[in-house]
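Listed here are the chains, written in short residue letters.
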Amino acid sequence: MLSVRGATLGLLVLGGLMLAGDWALESMEMRPRGVVEGMVRSVHVSSPQSGAEALFKATGCTSRFFLAWTTSSDSFRLRYRRTIESTLRFHPEACVVVFSPTLPVNYFQTFWDLGYNVIVERPDIRALLEGTPAEGWLREVERHREGKYFYSHVTDIFRFATLYRYGGIYLDTDVIVMRDMGHLENCVGAELAGEHGEAKILNGAIMAFPKRGSRFLWDCMAEFNATYRGDLWGWNGPELVTRVAARYPRDDGQLRILPTLAFYPIHWTQIKKYFAAEALEEQHAVWMDMQRHTYLIHYWNKVTQDLVPESGSLMYKVLNNFCLMCNETSADDGLPHSEGSFAAA
């Protein structure tokens, strides 16, 4: 793979609609209305080649990771940067594209200077959905936008369309990668399993579809368009992935469902106790199990964002054993705060 180390990040950020403000991950009440409105109403004015496409062409990278950051750049803490660090620790030749309307385009210049291919790309939903089944949903967006969870639903369709168009692995920003994921193909993970280990609820927070044009992702976009409900948070996200997956025969090559230990080794209802230095023997047993079977851990930021991992806890180990710039510290993440800012000026 050709590295483009030393180039200026801004040269590769060619495409995408420049957006002001913020889109949302959680609910309409938590985010300003005007941002998503501008995102889905504006005429597509991006360059013919997006920043992601330019990066792929310049580097020839075949391993691609996509993330989205939708809140302010000031809230991008060390624990979220560790998502990128852990990804690159196991995939140093990968291209990492962080879609964000708020992060400066040179935010990850430090990674770039070290020879890693990480860029910020301005999100353009209209361009991503063009020619997909979800294009119909976008045409009706005026009717949908009043729904309570509209902002969250935009990010649901965004991840399906991104992987369908580019191929790669999508990661939420509240995950830590623990091993090489390069061989995963057409994979989603079970968030909750039944009594005998059978998948009951799937989740799209992590999806691995390295080849463009996945039939499963196409069907997810078609389901999104056909059955969209603005009044239910999970209907168009985890429940949609679960519904569509139920139509696919096992081991047909189009879809592989991984057990809970692969992506979601700790359920969101249990994650808080793993930030505390208590019941350490139990935590150590979980840690050892994860090292054998887990590709990454989703630590459910919605319920843990205000928690500081205590030294010795499982989450302290997770956040500090898969880093690249391990000397960078933050009180928010259980370590003394260091002077200076990571972000490029």
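Residues numbered from 1 in each chain as written. Predicted model: local features only at pLDDT ≥ 70, side-chain atom pairs only at ≥ 80, totals over all residues. Heavy atoms only, no water.

Draft legend 1. Layout of the overall build of the chain. The number of helices and strands found in the chain is 15 helices and 9 strands. With 345 residues in all, the chain has 56% of them scored as buried. Summarising the internal contacts of the chain: among those between residues at least 6 apart in sequence, 77% fall at separations of at least 24. Accessible surface computed for the chain: about 14600 Å², of which carbon and sulfur atoms make up 51%. (Helix = DSSP H or I, 4+ residues; strand = E, 2+ residues; numbered from the N terminus. Buried < 20%, exposed > 50% of the residue type's maximum accessible area, 1.4 Å probe, protein only. Contact = heavy atoms within 4.5 Å. Areas by Shrake-Rupley, 256 points an atom, 1.4 Å probe, with all protein chains shown as cover.)

Draft legend 2. Examining the sheet that holds strand 6 (residues 187-193) more closely. Across the sheet, 7 strands lie side by side as 3-2-1-4-7-6-8; this open sheet has mixed pairing. In this open sheet, the two strands that pair with only one neighbour each are strand 3 (117-121) and strand 8 (256-258). Neighbouring strand axes in the sheet, compared pairwise and without regard to direction, differ in orientation by 35° on average. Both strand 6 and strand 8 contribute to a ladder of 3 bridges, which runs parallel. Within the sheet, the bridge partner assigned to V188 lies in strand 8 and is I257. The strands touched by helix 3 (residues 51-59) are strand 1 (64-68), strand 2 (95-99) and strand 3; relative to strand 3, the strand with the most contacts, the crossing angle is about 160°. (Pairing = 2+ DSSP bridges. Axes fitted to C-alpha atoms, helices over the stretch in contact; angles between N-to-C directions.)

Draft legend 3. Summary view of unusual backbone geometry. The phi torsion at N186 lies on the positive side, around 55°, for a residue other than glycine. When its relative accessible area of 11% is taken as the criterion, N186 is described as buried. At A279, a residue that is not glycine, the phi angle is positive and equals roughly 45°. Within the secondary structure, A279 is located in the loop between helix 12 (260-263) and helix 13 (280-293).

Draft legend 4. Main features of helix 10 (residues 215-227). The end-to-end C-alpha distance of helix 10, which contains 13 residues, comes to 18 Å, matching closely the 18 Å that a straight helix rising 1.5 Å per residue would cover. Listed in full, the buried residues belonging to helix 10 are F216, L217, C220, M221, E223 and F224. Summarising the axial view, the buried residues of helix 10 lie within an arc of 160°, below the 170-degree limit, and thus occupy one face. (Expected span 1.5 Å × (residues − 1). Arc of directions from axis to C-beta.)

Draft legend 5. Region of interest: the packing of helix 9 (residues 150-166) against helix 10. Running from N to C, helix 9 and helix 10 point in directions that differ by 150°, and their axes come no closer than 9 Å. Compared by their axis directions, helix 9 and helix 10 come out roughly antiparallel. The element helix 9 and its partner helix 10 pack so that their crossing is left-handed. Of helix 10, the residues touching helix 9 (which contributes H153, D156, I157, F160, A161, L163 and Y164) are L217, W218, C220, M221 and F224. Residue composition of the contact of helix 9 with helix 10, by class: 10 nonpolar, 1 polar and 1 charged. (Parallel < 35°, antiparallel > 145°, perpendicular 65-115°, else oblique. Left-handed = near helix turned anticlockwise from the far one by under 90°. Nonpolar A, V, L, I, M, F, W, Y, C, P; charged D, E, K, R; others polar.)

Draft legend 6. How the structure looks around the pattern of salt bridges. Considering all chains together, one arrives at 10 salt bridges under this definition. In this structure, E223 and R243 form a salt bridge, with 2.9 Å as the shortest nitrogen-oxygen distance. Of the two residues, E223 is situated in helix 10 and R243 in helix 11 (residues 238-245); the sequence distance between them amounts to 20 residues. The exposure class of E223 is buried, given its relative accessible area of 8%. The residue E282 makes a salt bridge to K273 at a minimum N-O spacing of 3.2 Å. Residue classification places K273 among the partly exposed residues on the basis of a relative accessible area of 40%. Each of the salt bridges in this network shares a partner with another, and the network as a whole consists of R81, R82 and E85. (Salt bridge = Lys/Arg side-chain N within 4 Å of Asp/Glu carboxyl O.)

Draft legend 7. Examining the state of the cysteines more closely. Under the criterion given, the structure shown has 2 disulfides. Note on cysteine connectivity: C61 is disulfide-linked to C95, with sulfurs 2.0 Å apart. In this structure, the disulfide formed by C61 and C95 twists by about -115° around the S-S bond and is classed as left-handed. One end of the pair, C61, is in the loop between helix 3 and strand 1; the other, C95, is in strand 2, with 34 residues separating them in the sequence. A sulfur-sulfur distance of 2.0 Å marks the disulfide that ties C323 to C326. (Disulfide = S-S within 2.5 Å.)

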